[in-house]
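Each chain, written out:
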Amino acid sequence: MTDARIRPMRPEDVEAAEQMSSEGFLEVDRRLARRDEPDPEPRSAERGRQWIDRTHHYLRTDPGGCWVAEVDGEMVGFATSFTRELMWILATYVVRPGLQGQGIGTMLLAAALHHGRGCLRGMLSASADARAVRRYRAAGFSLHPQMYLRGTLDRSAIPVVEKVRDGSAADFELMDSIDRRTRGAAHGPDHAWLLSAFRLVVSDTSTGSGYAFHAFDGTPMLLAATNRRTAAQLLWECLAGSGETAYVPHITAANEWAIDVGLAARLDLHQAGYLGLRNLRPPTPYLHHGSLL
Ligand SMILES: CC(C)(COP(=O)(O)OP(=O)(O)OC[C@H]1O[C@@H](n2cnc3c(N)ncnc32)[C@H](O)[C@@H]1OP(=O)(O)O)[C@@H](O)C(=O)NCCC(=O)NCCS
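Below is a short write-up of the structure. (Residues numbered from 1 in each chain as written. Predicted model: local features only at pLDDT ≥ 70, side-chain atom pairs only at ≥ 80, totals over all residues. Heavy atoms only, no water.)

A few words on the side chain of Ser242. Along the polypeptide, Ser242 turns up in the loop between helix 7 (228-240) and strand 11 (245-251). In this structure the side chain of Ser242 is engaged in a polar contact, spanning 3.4 Å, whose partner is the backbone oxygen of Asp217. Contact partners of Ser242, with chain neighbours within four places excluded, come to Leu153, Arg155, Asp217 and Gly218. (Helix = DSSP H or I, 4+ residues; strand = E, 2+ residues; numbered from the N terminus. Polar contact = N/O pair within 3.5 Å; in protein donor to acceptor, adjacent residues only side chain to side chain. Contact = heavy atoms within 4.5 Å.)

Here you go:
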């Protein structure tokens, strides 16, 4: 086992952590890439800036969940996690390629899990990396395969979307209660961060309520609703904002309503990684965020 020291993450670590995560995930994506897909690309500068901003958000809202591993004073890995109500979330977890498989990740995850020891539930979105999957299962997480939809969008399939409007901070209380119903814990301060980065759309009628954040290319980043019909309307609204190609990540088998929307839009269905859950059934109707879950 490598002689690594585990210490709390500090704001001045975040830029180096972004570099390490960008390199670490590119290495995983290249190793696991399917032959029929384009070569994985490095994280763009804009997504890098967003990653840094989001990680500062974890440190501001729950600094005790973020840990760094050092060897000879140099960062060699980190785990960022936080709690929201009685939910522990693992946001990101990386050990520098070349030093993986030597026990550093086990120590980092133990520190992050210790932070969440008072939480009944846990959530993480895992790559298919064999080492990561070993760690998550050993920590007691159930692994639910994730699917995604991608392809050329058939715009003629998009229905008229009704009763969906732009959302604002005035909707956060409603959104927190939809979160509690779908995933058992509110996102709390994460909604404000998401609103700073993405477009928010809300549906709130006598028959159902829901919300979605989508990127400016239409990709749904987080979607939650009280029923499937409302969820489907929100997903169509996201797709309506897409360009020629569309992408819908993070779909579990419990969310067939999303598969049905994507197939109706003539997108192709694929598999990637797992939703790791502890003491929680796969949320539905729900499309989770990759690190705010
Ligand atoms: C996931 C990660 C953070 C774990 O850190 P690590 O230092 O490699 O973890 P550890 O060495 O403590 O544990 C790795 C486990 O995989 C095993 N392992 C090592 N090499 C392996 C390989 N090539 N294939 C499969 N398993 C392997 C180890 O034996 C160990 O399992 P064990 O404790 O049951 O024996 C690190 O591997 C990593 O950065 N991976 C790429 C990024 C990633 O996928 N992060 C997770 C995002 S969800």
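Here we come to the pairing of strand 2 (residues 66-71). Burial analysis of strand 2 places 5 of its 6 residues in the buried class, which makes it a mostly covered element. When strand 1 (residues 5-8) meets strand 2, the two strands line up antiparallel, connected through 4 bridges. Following the sheet pairing, Ile6 is matched in strand 2 by Ala69. Here strand 2 runs beside strand 3 (residues 74-84); their pairing, made up of 6 bridges, is antiparallel. In the sheet register, Val68 faces strand 3, and the bridge partner there is Phe78. Counting the residues in the hairpin turn of strand 2 and strand 3 gives 2 residues, including Asp72, whose phi is positive at 50 degrees. (Buried < 20%, exposed > 50% of the residue type's maximum accessible area, 1.4 Å probe, protein only. Pairing = 2+ DSSP bridges.)

A word on the site of the ligand. Inspection of the region around the ligand gives 22 residues, with Gly101, Gly103, Gly105, Thr106 and Ser127 positioned closest. Contact between the ligand and Gly105: an oxygen atom at 2.8 Å from a main-chain N or O atom of the residue. Within the side chain of Arg131, an N or O atom sits 3.2 Å from a nitrogen atom of the ligand. Starting from 940 Å² of accessible surface for the ligand in isolation, the protein chains cover 76%. If you list the elements that add at least two residues to the shell around the ligand, you get helix 1 (14-32), strand 4 (87-95), helix 3 (104-115), strand 5 (121-126) and helix 4 (130-138). Within the shell around the ligand, the residues separate by chemical class into 10 nonpolar, 8 polar and 4 charged. (Near = heavy atom within 4 Å. Areas by Shrake-Rupley, 256 points an atom, 1.4 Å probe, with all protein chains shown as cover. Nonpolar A, V, L, I, M, F, W, Y, C, P; charged D, E, K, R; others polar.)

It is worth spelling out the packing of helix 2 (residues 45-61) against helix 6 (residues 190-197) at this point. Remark: helix 2 packs on helix 6, axes separated minimally by 11 Å, with the N-to-C direction vectors making an angle of 165 degrees. If you check the angle between helix 2 and helix 6, you find them roughly antiparallel. Both helix 2 and helix 6 take part in a crossing whose hand is right-handed. For the pair formed by helix 2 and helix 6, the contact residues are Gln50, Asp53, Arg54 and His57 on the first element and Asp190, Trp193 and Ala197 on the second. (Axes fitted to C-alpha atoms, helices over the stretch in contact; angles between N-to-C directions. Parallel < 35°, antiparallel > 145°, perpendicular 65-115°, else oblique. Left-handed = near helix turned anticlockwise from the far one by under 90°.)

Bringing the sheet that holds strand 7 (residues 165-166) into the picture now. Strand order across the open sheet formed by 5 strands is 7-8-9-10-13, with antiparallel pairing between neighbours. Edge strands, defined here as strands with exactly one partner in the open sheet, are strand 7 and strand 13 (286-287). As paired elements, strand 10 (residues 220-225) and strand 13 share 2 bridges and run antiparallel to each other. Across the sheet, the residue bridging to Ala224 is Tyr286, located in strand 13. Running over the sheet, helix 5 (residues 172-183) touches strand 8 (199-204), strand 9 (209-214), strand 10 and strand 13 and is turned about 100 degrees from strand 9. Sitting on the sheet, helix 6 touches strand 8, strand 9 and strand 10, and the angle it makes with strand 9 is about 50 degrees.

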